[in-house]
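Here is how the chains run, residue by residue.
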Amino acid sequence: NELISKDEADSRVAEVERQNAQLRSELAMQRAEAQTAVTRLEGEVASLKAANASQKRDTRKMAALEKSLRAAMQQRDEVERKLAAVPASTAQDTVAQTRSVVVPLVSESRALQVAADGVKFGRYHALIIGVQNYLSYDPLKTPISDAKAIANVLENRYGFETTTLLDADFSSIVGSIVQLSSKIGPEDNVLIYFAGHGVINAEQRGFWLPLDARQSERSPALPNETLAELLAMFKARSVLVIADSCFGSALSGSVGSYTGGPAEYADGIPGGYLSRKARYVLSSGGMSPVLDQAGDGHSVFASALLQVLRNNTRILTQTGLEKALVGPVRESSQQLGMQQTPDLMKIREAGDAGGAFFLVPRSEPGKG
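Summary of the structure given here. (Residues numbered from 1 in each chain as written. Predicted model: local features only at pLDDT ≥ 70, side-chain atom pairs only at ≥ 80, totals over all residues. Heavy atoms only, no water.)

### Details of the overall build of the chain
Looking only at helices and strands, the chain has 9 helices and 13 strands in total. Among the 368 residues that make up the chain, the fraction classed as buried is 48%. Across the chain, the fraction of contacts at a sequence separation of at least 24, relative to all contacts at a separation of at least 6, is 79%. Here the chain displays about 17800 Å² of accessible surface, and carbon together with sulfur accounts for 50% of that area. (Helix = DSSP H or I, 4+ residues; strand = E, 2+ residues; numbered from the N terminus. Buried < 20%, exposed > 50% of the residue type's maximum accessible area, 1.4 Å probe, protein only. Contact = heavy atoms within 4.5 Å. Areas by Shrake-Rupley, 256 points an atom, 1.4 Å probe, with all protein chains shown as cover.)

Here's what the structure looks like:
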């Protein structure tokens, strides 16, 4: 009788554990679905805000989207509460539960502090965007390979925490910029790299073209002034946008190139360059069209940029980076029958205070 009672008890415990495991699995799936809805709606809300920054706000649609976002967030939080109340199951029961769980884009930063020669330069984050296989525009040949290679060298040689978007649509690009801004601190540094089509209209307004940009209408192209407004939200100490696209300098409201500031960090450099905010755009060809490929699987500009980043042994500023690129890009473009010159400018109304963006190599040349 004792053996039977023990078997029955074990059976009941096993059944409870099975039910708990099933419940946890179901709730985990619901949590994943709720988080997916939150992430999608956050992107849509951010996209609509950005798209309407220079246009008349669509109040009704915005209100409906924000209402849906609040409902999705409430649903996610309710599922989280239910999940927390379910007793923990065994390791075997939980093995298959993470298969369908979507990892949120926004997470605690894993970027590490970068220091050299006793100087703390802060944490480094990069958003790398490569759009190649356009739905309405002519496809390009190198942005995806450019983006992957740039992300790799920034991670391996310079200690960046990187997020890479390949063939990203408007909502993904804008949503990622907004979510990146939410985890940036005042001592952090941000680099945003864009490889893809760029256009300019009769009013000299520049646009980045995402995957879903249409030739018949400008939307959902990303206006440069909207991008500047998004960058103005960043708490980061320094921001450097590298635009390998046509008319990349349209992101700046200034006239003429920026040539001031030191080319590299050295003892005795004024402390303000490290403490003040910096907001710069380094374009691959100023306000001109740029070449897509150099024959090595990368664009003319990306090829030169990769060589500099891989072989650099100095703590370069944005000025030093531009100076290192001008000669190689000009030479390569002239060999292909075109004149292309990188251009460094300050980003319009994004909070620049005369600081500098420092690129600090953390490994031997050739890495990445």
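Don't stop here, the text continues.
### Considerations on the packing of aromatic side chains
Where two aromatic rings form a pair, the distance of their centres and the angle of their planes describe that pair. Within the structure shown, the criterion is met by 7 aromatic pairs. Ring geometry for Phe194 versus Trp208: centroids 4.4 Å apart, planes at 5°, classification stacked. Taken together, the positions of Phe194 in strand 5 (residues 189-195) and Trp208 in strand 7 (residues 206-208) put the pair 14 residues apart, joining distant regions of the chain. For Phe194, a relative accessible area of 0% gives the class buried. Through a chain of ring-to-ring contacts, the aromatic side chains of Phe121, Tyr265 and Phe358 assemble into a single cluster. The side chain of Arg276 reaches across the aromatic face of Tyr273, ending 5.9 Å from its centre. (Phe/Tyr/Trp six-rings, centres within 6.5 Å; stacked < 30°, edge-to-face > 60°. Lys NZ or Arg CZ within 6 Å of the ring centre and 35° of its normal.)

### A short note on the sheet that holds strand 4 (residues 161-166)
Two orientations exist for strands paired in a sheet by backbone hydrogen bonds: parallel and antiparallel. Strands sit in the order 4-3-5-9-10-12 across an open sheet of 6 strands; the sheet is mixed. Where the open sheet ends on each side, the last strands, each with one partner, are strand 4 and strand 12 (343-346). The mean inter-strand angle of the sheet, taken between neighbouring strand axes irrespective of direction, is 15°. Where strand 3 (residues 124-130) and strand 5 come together, 7 bridges link them in parallel fashion. When the sheet's bridge partners are listed, His125 is paired in strand 5 with Val190. Sheet strands in contact with helix 5 (residues 170-181) are strand 3, strand 4 and strand 5, and its direction is about 180° off that of strand 3. (Pairing = 2+ DSSP bridges. Axes fitted to C-alpha atoms, helices over the stretch in contact; angles between N-to-C directions.)

### Describing helix 6 (residues 224-231)
Given 3.6 residues per helical turn, the α-helix brings residues three or four places apart onto the same face. Burial runs high along helix 6: 7 of the 8 residues are buried. Within helix 6, the full set of buried residues consists of Asn224, Glu225, Thr226, Leu227, Ala228, Leu230 and Leu231.

### Here we look at the environment of Asp188
Looking at where Asp188 falls in the secondary structure, it is placed in the loop between helix 5 and strand 5. A C-alpha to C-alpha distance of 5.2 Å links Asp188 and Gly122, two positions 66 residues apart in sequence. The residues contacting Asp188, other than those within four sequence positions of it, are Arg123, His125, Lys183, Ala236, Arg237 and Ser238. Of note is the side chain of Asp188, whose polar atom sits 3.2 Å from the side chain of His125. Within the local environment of Asp188, its side chain forms a polar contact with the backbone nitrogen of Gly185, the two atoms lying 3.0 Å apart. (Polar contact = N/O pair within 3.5 Å; in protein donor to acceptor, adjacent residues only side chain to side chain.)

### Observations regarding the packing of helix 4 (residues 143-158) against helix 8 (residues 300-311)
The N-to-C vectors of helix 4 and helix 8 enclose an angle of 15°; their axes lie 10 Å apart at closest approach. Taken together, the axes of helix 4 and helix 8 lie roughly parallel to each other. For the crossing formed where helix 4 meets helix 8, the hand is left-handed. In this structure, helix 4 contributes Asp146, Ala149, Ile150, Val153, Leu154, Arg157 and Tyr158 to the contact, and helix 8 contributes Ala302, Leu305, Leu306, Val308, Leu309, Arg310 and Asn311. (Parallel < 35°, antiparallel > 145°, perpendicular 65-115°, else oblique. Left-handed = near helix turned anticlockwise from the far one by under 90°.)

### Digging into the sheet that holds strand 6 (residues 198-200)
One open sheet holds the 3 strands; their spatial order is 6-7-8, and the pairing between them is antiparallel. Pairing within the sheet leaves two strands with one partner each, and these edge strands are strand 6 and strand 8 (222-223). As paired elements, strand 6 and strand 7 share 3 bridges and run antiparallel to each other. Bridge pairing in strand 7 places Val199 opposite Phe207.

### Overview of the pairing of strand 9 (residues 238-244)
Of all 7 residues that make up strand 9, 7 are buried, and the element is covered over most of its length. Along strand 9, one buried face is formed by Ser238, Leu240, Ile242 and Asp244 and the opposite face, lined by Val239, Val241 and Ala243, is buried too. When strand 5 meets strand 9, the two strands line up parallel, connected through 7 bridges. If you follow Tyr193 over to strand 9, its bridge partner there is Ile242.

### Some words on the pairing of strand 2 (residues 119-122)
Judged from the 3 bridges that link them, strand 1 (residues 114-116) and strand 2 form a sheet pairing that is antiparallel. Bridging across to strand 2, Ala116 finds its partner in Val119. Once strand 1 ends, the chain turns through 2 residues before running back antiparallel as strand 2, passing Asp117 with a positive phi of about 55°.

### Quick look at the environment of Phe234
For Phe234, the location among the structural elements is in the loop between helix 6 and strand 9. Along the primary structure Phe234 and Ala350 are separated by 116 residues, whereas in three dimensions their C-alpha atoms are 8.7 Å apart.

### Some words on the nonpolar core
Counting residues in each nonpolar core, the largest one holds 46 residues, and the members touching the most others are Leu191 and Phe358. Each residue touching Leu191, except ones within four places of it in the same chain, is listed here: His125, Ala126, Leu127, Ile128, Leu154, Phe160, Leu240, Ile242 and Phe357. Grouped together as the second largest cluster of nonpolar side chains are 38 residues, Val131, Ile184, Ile192 and Phe207 included. (Core = buried A, V, L, I, M, F, W, Y, C linked by side-chain atoms within 4.5 Å.)

### Points about the packing of helix 8 against helix 9 (residues 318-335)
At a minimum axis separation of 9 Å, helix 8 and helix 9 run at an interaxial angle of 135°. Classified by the angle between their axes, helix 8 and helix 9 sit oblique to one another. As helix 8 packs across helix 9, the resulting crossing turns out to be right-handed. Between helix 8 and helix 9, the residues in contact are Val300, Phe301, Ala304, Leu305 and Val308 and Leu321, Ala324, Leu325, Pro328, Val329, Ser332 and Ser333, respectively.

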